[in-house]
Amino acid sequence: MNIAAAVNENFANNSNYLIRSAMFVYALAFLAHLAEWVFGGRSKIAVQSAALIEEAQAKEAEAEAAKQKAARQVTVKTAAGSTVTLERPAVVTRASASDRGIADGPGAAGGDEKGDRYGRIAVSFTVLAWLLHASGVAFRAASVQRAPWGNMYEFSTTFGAVAVGTYLLLLALKKDVRWIGLFLTTTVLLDLGLALSVLYTSSEQLVPALHSYWLWIHVSCAIISGAIFYLAAVGTMLFLFRDHYEVAVTAGKATDGRWGDIMRRLPSAASLDKFAYRMNALVFPLWTFTIIAGAIWAQAAWGRYWGWDPKETWAFITWVAYACYLHARATAGWKGRKAAYLALVAFGCFLFNYYGVNIFVSGKHSYAGV
Amino acid sequence: MSITEKTEREDLGAAGAQLSTAPVDTFAEAPALGLLGWLRWMWRQLTSMRVALILLFLLSLAAIPGSLIPQHSDQLKLEAFKAKHTTVSPIYEKVGLFHVYSSPWFAAIYILLFVSLAGCIVPRSWQFVGQLRSRPPRAPRNLTRLPAYSTWRTDASPEEVTEAARKALRGRRFRTSVTDTSVAGEKGYLREFGNLVFHVSLFGLLIAFALTSLEKAEGGKLVVEGDGFVNNLTQYDDFSGGTLYGADDLQPFGFDLDNFEQKYATSGPEKGTALKFQANIHYYSGTDGKPVKGKISINHPLSIGGEKVYLISHGYAPVVSIKDAKGNVVREIVPFLPTDTAMTSPGVIKATDTLGTDGKPDQLAFRGIFTPTVALNATRGWYSTFPTLQKPMLILNALHGDLGIDSGAQQNVYQLDDTHLKAFTNSDGSPFAKAMQIGDTMVLPNGAGSLTFEGVKTWASFSITHQAGNEGALISGVGAILGLAGSLFIQRRRIWVRAVRAEDGVTVVEMGGLGRSESARIADEIGDVALQLLPDAPVRPEDEADGEAPPPAADAGAENEPAAGTTAVNDDEGARA
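The rules we used
- Residues numbered from 1 in each chain as written.
- Chains lettered and ligands numbered in written order.
- Predicted model: local features only at pLDDT ≥ 70, side-chain atom pairs only at ≥ 80, totals over all residues.
- Heavy atoms only, no water.
- Helix = DSSP H or I, 4+ residues; strand = E, 2+ residues; numbered from the N terminus.
- Buried < 20%, exposed > 50% of the residue type's maximum accessible area, 1.4 Å probe, protein only.
- Areas by Shrake-Rupley, 256 points an atom, 1.4 Å probe, with all protein chains shown as cover.
- Axes fitted to C-alpha atoms, helices over the stretch in contact; angles between N-to-C directions.
- Parallel < 35°, antiparallel > 145°, perpendicular 65-115°, else oblique.
- Contact = heavy atoms within 4.5 Å.
- Nonpolar A, V, L, I, M, F, W, Y, C, P; charged D, E, K, R; others polar.
- Expected span 1.5 Å × (residues − 1).
- Arc of directions from axis to C-beta.
- UniProt positions renumbered as here; feature names shortened; annotations may be inferred.
- Salt bridge = Lys/Arg side-chain N within 4 Å of Asp/Glu carboxyl O.
- Pairing = 2+ DSSP bridges.
- Patch = residues over 30% accessible without salt bridge, like charges linked within 9 Å, V, L, I, M, F, W, Y side chains within 5 Å.
- Lys, Arg positive; Asp, Glu negative; His and termini not counted.
- Charge placed at Lys NZ, Arg CZ, Asp CG, Glu CD.
- pLDDT = per-residue confidence, 0-100.
- Phe/Tyr/Trp six-rings, centres within 6.5 Å; stacked < 30°, edge-to-face > 60°.

S.K.: Provide a residue-level description of the overall build of chain B, including the pertinent values.
M.R.: Scanning chain B from terminus to terminus reveals 12 helices and 23 strands. Scored against the burial criterion, the 577 residues of chain B give a buried share of 46%. For chain B, the accessible area works out to roughly 29,200 Å², and carbon and sulfur atoms hold 57% of it.

Here it is, written out as structure tokens:
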């Protein structure tokens, strides 16, 4: 027993070192992303206002052309190159109504070679940091010999690992999501910092109420849902900014400030909106399952599947808020910005359910260890 | 934006209609005169998506106060809150903030929401059945206006092309219908079906909820090891029945608590944390059933005759014998309720039939703390450092007088009513108190009697519940998830292929696709179907040369994407070779 305990303590210490190292590497990734944004900025190439205006005009013309295309209803995009494809008929697609015809921005590096190199470095650092982070979580699990999700510290570290893991998976699938990198590394640093400083709980056994295989099912689903909801929330927030910017661009207003320079490089509002929607729609069923799995567990542990415990209530509120968002997107007059605000409110509910309910409200889910 | 959408709809006509049965959201103008007109207008408002959205939002808002303000289900916390907030409590009480989830206004919101849902789902279901029975709609006149479009010229006859297209679409599990010059195909009905299943499941959940709350009965019982429980009303510490399930419906069964097992980590950083709580019991059902060995632990309730017995909590019950001034002895086993994980347990002991030195009734009472592993600290006083019996200590004050039990009023067994009690004091006037190990005796001043701490037993408390509607809720929940997955992950789309002989005798093939959701995949699918058609309807060579018929691939974006398309073409060639 004592030897085992010593080994466990060793594992726990290793886990802490790994998480701290991960934070250090995340910080490097964060700096590299910053460099990417800085070098990609137009001010660095010292483009003066004439050029800015020129591009604004060009963009306007582009937007105009896109509109006309939309009017003719032929925006061309083929799924074929030039030589081999003679055999294959071209497929013409038409922009959907919500599309302004504005193309995606060039990304944080803004086409700048140096910026792009820093961006690649940032991604490499993120991969390294994630490996450290994930093994930190694994060591923690080994030290407590159970699912490492028994308290807020463990939940937070796993949450961050899943969020970054999903991001890296999207990158590996050749999805263009590097724009999320800076925001993600920032928040993961905050998340881990908060976990280590405020929420830290030394490696412990679980109270008997948590001795159930439902811990694996219910909590892992909650973590995955939360992490993907989070990525969607970042997309939604950027959508709101970018949408604002695009409205200004189409109205012909000046958008050459530093803010405009950042916005210019983001994906188009339509792409961001689509990204956020797909992420949300992807995990909404999983979130539903999380709640139902929780209800089944509650039935087994407490004798009732639903008892309006604060945690349950807020899970329900979050669920309803996301349902609102999904319905709003399909309702004329609620699409776009209004739906996006709903998505942010919904994620706010998720966050409150995690931090707020655990820390300020006492209920049957009080395993915060704070 | 909305204008574009409207024109789109008009452009596509019947072909674009009913790709989903989602309600077309129109805010009806001023209602027609008369009561019926008003009612119809209000019904249309209630069933509109907009109002449903508002109701959904209200539902989540209304659920918030119940999570922040103590509710009736937690009486202890509620009393504390009421004592602390004397000004707002009456107002809260009046508007039902202490029982939000059974309050009329909360019910109003969800009932309206479900009525709205019904008003939406029922017509949608009929519409969907109608869609299933009818054929996919005919091709729109102008296929170029569809979100994805492709065309080429071929030497094959129109009939050959339409037949090949029909086969290709059937092969892709599209429902097809052929008219003289065109084929219409539709796929992804499961999306709509999933949507309906999801919403119907919500009704199922609501009904299951209602059933559960009507038929739920719950009672609590604390059992000391060696004692037993029989399932009838007199045995319960507390019992609350449901409308459809009361005290008369209790099933006959019982159980005896043989012992209570508890294991804690004794070393390492997790020292003191509970590893195992388990009540070992013998249970029997019916009035003369044979006792069967069983166990109850947290997460693993015991099912007896349709009822479930849950382990709720556990603690220690000191065994004491009390001798009064005249030498009468009573032996009591008194459960003390733990207040922390190390089982520091305050409690009271009442002796009701004792006599005083003068021979008249003089009830004795003791108040104090039991600690399984004792420690003393200047600020905390007596407390326990570990939950098992390593250094058990019982620390008691003693009082005498009238316990107030004989007045007939209900009294909490874990509390003393001090009004007619007098504390024993030492000669210097300080309260009389003693800390006892097992075997120690506390001799009261002035020959008033004594108390001997004989030993300790463990107790466990159980919740005995009867619940209905669980299966219904589970089935509805699973249905909701499956329906949701179907309605979010499946794409409903239509593809039309038209082949017409042009004036120069060459067949022009046109293909268009329309998806309900904003997926780009419809374009890929059109491309794939086109590829599949090519063996039967090859592109005319001279068209390739002058590059006239297919619109030029002008977009720069095309350069980035050919990988998939190219390989597909190559594969296709390979297959034919």
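Picking up where we left off.
S.K.: Break down the packing of helix α8 (residues 269-302) of chain A against helix α9 (residues 470-489) of chain B for me, with residues and values.
M.R.: The axes of two packed helices give the description: the angle between them and the distance between them. Packing of α8(A) against α9(B) leaves a shortest axis separation of 10 Å and a crossing angle of 170 degrees. Put simply, α8(A) runs roughly antiparallel to α9(B). Between α8(A), through A:Tyr277, A:Ala281, A:Leu282, A:Phe284, A:Pro285, A:Thr288, A:Phe289, A:Ile292, A:Ile296 and A:Gln299, and α9(B), the contact on the second element is made entirely by B:Asn470, B:Leu474, B:Gly477, B:Ile481, B:Leu484, B:Ala485, B:Leu488 and B:Phe489. Tallied by class, residues from the contact of α8(A) with α9(B) come to 14 nonpolar, 4 polar and no charged.

S.K.: I'd like a rundown of helix α7 (residues 158-171) of chain B, residues and numbers included.
M.R.: Residue and element names in this part refer to chain B. Between its terminal C-alpha atoms α7 stretches 20 Å, which fits the 20 Å expected from 14 residues at 1.5 Å a residue. For α7, every residue scored as buried is listed here: Pro 158, Val 161, Thr 162, Ala 164, Ala 165, Ala 168 and Leu 169. Burial along α7 is one-sided: seen end-on, the buried residues are contained in an arc of 165 degrees. The outward face of α7, more than 90 degrees from its buried face, is lined by the exposed residues Glu 159, Lys 167 and Gly 171. Structurally, α7 contributes buried residues whose contacts are with β1 (148-154), β2 (175-178), β3 (182-187), β22 (493-501), β23 (507-515) and α10 (521-533).

S.K.: So what's going on with the UniProt feature "transmembrane region" (unreviewed entry) in chain B? Residues and values would help.
M.R.: Residues and elements named next belong to chain B. Here, UniProt's "transmembrane region" (unreviewed entry) annotation points to residues 51-69, 105-126 and 196-214. As annotated, residues 105-126 has a helix share of 100% and a strand share of 0%, and its two end C-alpha atoms lie 32 Å apart. Taken end to end, residues 196-214 comprises 100% helix and 0% strand; its first and last C-alpha atoms sit 27 Å apart.

S.K.: Can you explain the pattern of salt bridges? Please cite residues and give values.
M.R.: Taken as a whole and assessed by the stated rule, the structure comprises 21 salt bridges over all chains. Where A:Arg264 meets A:Asp261, a salt bridge forms, and the shortest distance between an N and an O atom there is 3.2 Å. Separated by 3 residues within a single helix, A:Arg264 and A:Asp261 lie in helix α7 (residues 258-264), roughly one turn from each other. This pair shows no difference in class: A:Arg264 is buried, exactly as A:Asp261 is. A salt bridge links B:Arg367 to B:Asp418, with the shortest nitrogen-to-oxygen separation between them at 2.9 Å. Of the two residues, B:Arg367 is situated in strand β14 (residues 363-371) and B:Asp418 in the loop between β17 (393-401) and β18 (421-423); the sequence distance between them amounts to 51 residues.

S.K.: With reference to specific residues and values, describe the sheet that holds strand β9 (residues 292-297) of chain B.
M.R.: Residue and element names in this part refer to chain B. Taking strand neighbours across the sheet as the criterion, the 4 strands line up as β5-β7-β8-β9 in an open arrangement whose pairing is antiparallel. The open sheet is flanked by β5 (228-230) and β9, the only strands paired with a single partner. Averaged over all pairs of adjacent strands, the angle between their axes in this sheet comes to 30 degrees, without regard to strand direction. Relative to strand β7 (residues 253-264), β5 runs antiparallel, the two sharing 3 bridges. Pairing of Phe 229 across the sheet is with Phe 255, part of β7.

S.K.: Describe the UniProt feature "transmembrane region" (unreviewed entry) in chain A, naming the residues involved and giving the relevant values.
M.R.: All names here are of chain A. Residues annotated in UniProt with the feature "transmembrane region" (unreviewed entry) correspond here to residues 17-39, 121-143, 155-173, 180-201, 213-241, 281-302, 314-332 and 339-357. In residues 213-241, helix accounts for 97% and strand for 0%; the two terminal C-alpha atoms are 43 Å from one another. Within the segment residues 314-332, helix and strand shares are 84% and 0% respectively, and the terminal C-alpha atoms sit 28 Å apart.

S.K.: Report on the environment of B:Phe174, specifying residues and quantitative values.
M.R.: Residue and element names in this part refer to chain B. With respect to the helices and strands, the residue Phe 174 is situated in the loop between α7 and β2. It is 77 Å that separates the C-alpha atoms of Phe 174 and Pro 392, two residues lying 218 residues apart in sequence. Aside from chain neighbours lying at most four places away, what touches Phe 174 is Leu 169, Gly 185, Glu 186, Lys 187, Arg 493, Ile 495 and Glu 525.

S.K.: So, unusual backbone geometry: which residues are in play, and what are the values?
M.R.: Residue and element names in this part refer to chain B. The backbone of Met 343 shows a phi angle near 65 degrees, a positive value even though the residue is not glycine. Along the chain, Met 343 falls in the loop between β12 (329-333) and β13 (345-351). Positioned with a positive phi, Asn 446 is a non-glycine residue whose angle comes to about 60 degrees. Locating Asn 446 in the fold gives a position in the loop between β20 (441-443) and β21 (449-466).

S.K.: Before we move on, can you summarise a positive patch on the surface with the specific residues and values?
M.R.: Judged by side-chain charge, A:Lys175, A:Lys274, A:Arg278 and B:Arg521 come together as a positively charged surface patch. Looking at where B:Arg521 falls in the secondary structure, it is placed in helix α10.

S.K.: Go over a nonpolar patch on the surface with me, naming the residues and quoting the values.
M.R.: A cluster of nonpolar side chains, A:Val345, B:Ile54, B:Phe57, B:Leu58 and B:Leu61, forms an exposed patch at the surface whose accessible area comes to about 400 Å². By residue number, the principal contributor to the nonpolar patch is helix α3 (residues 49-68) of chain B, which donates 4 residues. Turning to its location among the elements, B:Phe57 is positioned in helix α3. In this structure B:Phe57 comes out as partly exposed when scored by relative accessible area, which is 32%.

S.K.: Describe the confidence of the model for chain A, with residues and values.
M.R.: Residue and element names in this part refer to chain A. Counting all residues, the mean pLDDT for chain A is 81, and 79% of those residues have values of 70 or more. Within chain A, helix α2 (residues 49-72) has the poorest average pLDDT of any element, 49, and helix α4 (residues 152-172) the best, 94. Throughout residues 44-51 the model reports pLDDT below 50, and contacts reaching past four residues in sequence, or to other chains, amount to 5 contacts. The low-confidence segment residues 66-86, where pLDDT is below 50, has 36 contacts with residues more than four positions distant or belonging to other chains.

S.K.: With reference to specific residues and values, describe the packing of aromatic side chains.
M.R.: Here the distance between the centres and the angle between the planes together describe a pair of aromatic rings. Residue and element names in this part refer to chain A. This model, assessed by the stated rule, comprises 40 aromatic pairs over all chains. A centroid spacing of 3.9 Å and a plane angle of 10 degrees characterise the contact between Phe 229 and Tyr 322, whose relative ring orientation is stacked. In this pair, Phe 229 is assigned in helix α6 (residues 214-250) and Tyr 322 in helix α9 (residues 310-329), connecting sequence segments 93 residues apart. We classify Phe 229 as buried; its relative accessible area is 0%. Taken together, the ring pairs connect Phe 229, Tyr 230, Trp 287, Tyr 322, Phe 347 and Phe 350 into an aromatic cluster.

S.K.: Tell me about the environment of A:Val249, and please be specific about residues and values.
M.R.: You can see A:Val249 is positioned in helix α6. Taking the C-alpha atoms as reference points, A:Val249 and A:Asn8, 241 residues apart in sequence, are found 59 Å from one another.

S.K.: Residues and numbers for the sheet that holds β1(B), please.
M.R.: Note on sheets: strands pair through backbone hydrogen bonds, and any given pair is parallel or antiparallel. The strand order β1(A)-β1(B)-β23(B)-β22(B)-β3(B)-β2(B) describes an open sheet built from 6 strands, whose pairing is antiparallel. On the outer flanks of this sheet lie β1 (91-93) of chain A together with β2 of chain B, each paired with one strand and no other. The mean inter-strand angle of the sheet, taken between neighbouring strand axes irrespective of direction, is 15 degrees. Pairing between β1(A) and β1(B): 3 bridges, direction antiparallel. When the bridges of β1(B) are listed, A:Val91 appears paired with B:Ser150.

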